[in-house]
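Summary of the model geometry
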Amino acid sequence: TEVVGDTGDTLTVPGRVVPLPTGAATGGAVANGTYALQVPAGRVDLTQTQTQLNLVGGLVTRPDYAGGSFVLRVNVPLIRQSRSFQATQPQGTLAPVPPAQLPAQLRGALNAAAAAANAQVQSGLAATAASQNTDASGLGDVELSVAWVRRMERLRVAANVNLHLPTGRYDRARGPNPGFGDFSTLQPGVALTYALGDKPGDPRWMQGVSLAGRAAYGVNSTNRDTGYRSGNFAVLEGAAVKVMGPWAAGANLLRLQQLTDDRSAGGRVPGMRYRTHAAGPFVAYKFPGRDLAVNAQLSQSFGGRNALVARTLQLRLVGAW
């Protein structure tokens, strides 16, 4: 629904000062750079819709490895995006104000130079909007995962490593892209799930209640398309769920925080660290007598920095054979 910058405020078009080339227009009477166009800050209005179909397949081994099973998984996303990007910026004004005694011919030349500079600024703004205001679709970045999962009496532990591959289409001159760029992300992590009440003698309010937590750390390689490397990041996630027969309902909370600066041409890029939070409810249903379940989750992001603000609805169908 919007883009927020480093302060968490809606992203703006920064103001700028454009020195005016007045020397030739005034026959040398007013040197270049004596006057400038003061362009105030503008605003960015963005809406983007994304429809994504994830085809996920996996294999679970027998629990023959230190009491745990290995889980191998591949996630293939198919993505369609549509972005509406509107950038507006007020007309700039001439600075400093020309003196009253300035000849009319020179004043006209200054006004003409300011008008030409204003036209150039607005033309560049329109070109930027055109590159963003577009649709895109195709294969996204494929994710490969291997995890070790052990189930104990009340506790389940999972240690995993995910690898995101640059299979998605990416064009640096375009706004939305199905892929994030020609770079990979390695993301090791660990997750815990604890059942509060799964015994007949447990208090009634604890029956069917589980708590879960996940922590992961992501390392990005350099984007070969741009020479830009996004900083490393950490993910923390928590959830609580209540199982009631074939139904389950709960809530999820996530925080993603970039921990190191981006890098470009070998140097640091300060002030561009990404951060976002997301929270929302979910509900699930397991079909009786079958290894088949459906899950629906609604999530709203908040507290972002250098990030999109988004609301997502996810539907999952999971089966085992």
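A brief report on the enclosed structure follows.

1. Things to note about the overall build of the protein chain
Scanning the protein chain from N- to C-terminus turns up one helix and 21 strands. For the protein chain, whose C-alpha radius of gyration is 27 Å, the value lies well above the compact-globule estimate of 20 Å for 321 residues. Referenced to the eigenvectors of the C-alpha coordinate spread, the extents of the protein chain come out at roughly 95 × 40 × 30 Å. In the protein chain, which comprises 321 residues, the proportion classed as buried is 33%.

2. A few points about the sheet that holds strand β7 (residues 93–95)
Ordered by their spatial adjacency, three strands build an open sheet running β3-β4-β7, and the pairing between neighbours is antiparallel. Taken across any chain shown, the strands that pair with only one partner, and hence form the sheet edges, are β3 (16–19) and β7. Neighbouring strand axes in the sheet, compared pairwise and without regard to direction, differ in orientation by 35° on average. As judged from the four bridges shared by β3 and strand β4 (residues 36–39), these two strands associate in the antiparallel manner. The residue of β4 that forms the bridge with P19 is A36. Packing against the sheet, helix α1 (residues 104–132) makes contact with β3, β4 and β7, and its axis sits at approximately 45° to β4.

3. What about the nonpolar core?
Residues V18, L20, Y35, L37, L94 and L110 are the most contacted members of the largest nonpolar core, which totals 14 residues. The set of elements that each furnish at least two residues to this core consists of β4 and α1. The contact partners of V18, leaving out residues within four places of it in the chain, are A36, L37, V39, A117 and V121. With eight residues, the next largest nonpolar core counts V3, V44, F85 and L125 among its residues.

4. Here's the deal with the environment of P77
By the element assignment, P77 lies in strand β6 (residues 69–88). Sequence separation between P77 and G179 is 102 residues; the distance between their C-alpha atoms is 9.7 Å. The contact partners of P77, leaving out residues within four places of it in the chain, are Q52, L53, N54, G138, L139, G140, D141 and V142.

5. What about the sheet that holds strand β16 (residues 262–264)?
Here three strands make up an open sheet; going across it, the order is β13-β16-β17 and the pairing antiparallel. Only two strands of the sheet have a single neighbouring strand rather than two, namely β13 (228–229) and β17 (267–269).

6. A few points about the packing of aromatic side chains
On inspection of all chains with the given rule, the structure shows three aromatic pairs. With a centroid separation of 5.1 Å and an interplanar angle of 70°, the aromatic rings of Y65 and F70 are classed as edge-to-face. With centroids separated by 4.7 Å and ring planes inclined at 55°, the aromatic side chains of W247 and Y285 adopt a geometry described as tilted. Here W247 is found in strand β15 (residues 247–258), whereas its partner Y285 is found in strand β18 (residues 275–286), with 38 residues between them in sequence. An aromatic cluster of at least three residues, connected via ring pairs, comprises W247, Y285 and F287.

7. Re unusual backbone geometry
The peptide bond linking A95 to P96 adopts the cis configuration, its omega dihedral lying at -5°. Mapped onto the secondary structure, P96 falls in the loop between β7 and α1. Unlike most non-glycine residues, A265 shows phi in positive territory, near 55°. Mapped onto the elements of the fold, A265 is located in the loop between β16 and β17. What makes A265 exposed here is its relative accessible area of 79%. A positive phi angle, near 50°, is found at N306, a position not held by glycine. The topology assignment puts N306 in the loop between β19 (292–305) and β20 (307–309).

8. Re α1
Taking 1.5 Å per residue as the helical rise, α1 with its 29 residues ought to reach 42 Å, and the 42 Å between its terminal C-alpha atoms agrees with that figure. Along α1, the positions that sit buried rather than exposed are L106, A109, L110, A113, A114, A117, N118, V121, L125, A129 and Q132. Where α1 is buried, its residues contact β2 (12–13), β3, β4, β6 and β7.

9. Focus: the pattern of salt bridges
For the structure shown, the criterion picks out six salt bridges. Across the pair R224 and D182 runs a salt bridge, and its minimum N-O distance is 3.0 Å. With a gap of 42 residues between them, R224 in the loop between β12 (209–220) and β13 and D182 in the loop between β10 (155–164) and β11 (185–195) connect regions that are remote in the sequence. You can call R224 exposed: its relative accessible area is 63%. Members of the salt-bridge network, linked through shared partners, are D261, R268 and R273.

Cut-offs and rules
Residues numbered from 1 in each chain as written. Predicted model: local features only at pLDDT ≥ 70, side-chain atom pairs only at ≥ 80, totals over all residues. Heavy atoms only, no water. Helix = DSSP H or I, 4+ residues; strand = E, 2+ residues; numbered from the N terminus. Rg over C-alpha atoms; globule rule 2.2 N^0.38 Å. Buried < 20%, exposed > 50% of the residue type's maximum accessible area, 1.4 Å probe, protein only. Pairing = 2+ DSSP bridges. Axes fitted to C-alpha atoms, helices over the stretch in contact; angles between N-to-C directions. Contact = heavy atoms within 4.5 Å. Core = buried A, V, L, I, M, F, W, Y, C linked by side-chain atoms within 4.5 Å. Phe/Tyr/Trp six-rings, centres within 6.5 Å; stacked < 30°, edge-to-face > 60°. Expected span 1.5 Å × (residues − 1). Salt bridge = Lys/Arg side-chain N within 4 Å of Asp/Glu carboxyl O.

In short, geometric facts, not functional conclusions.
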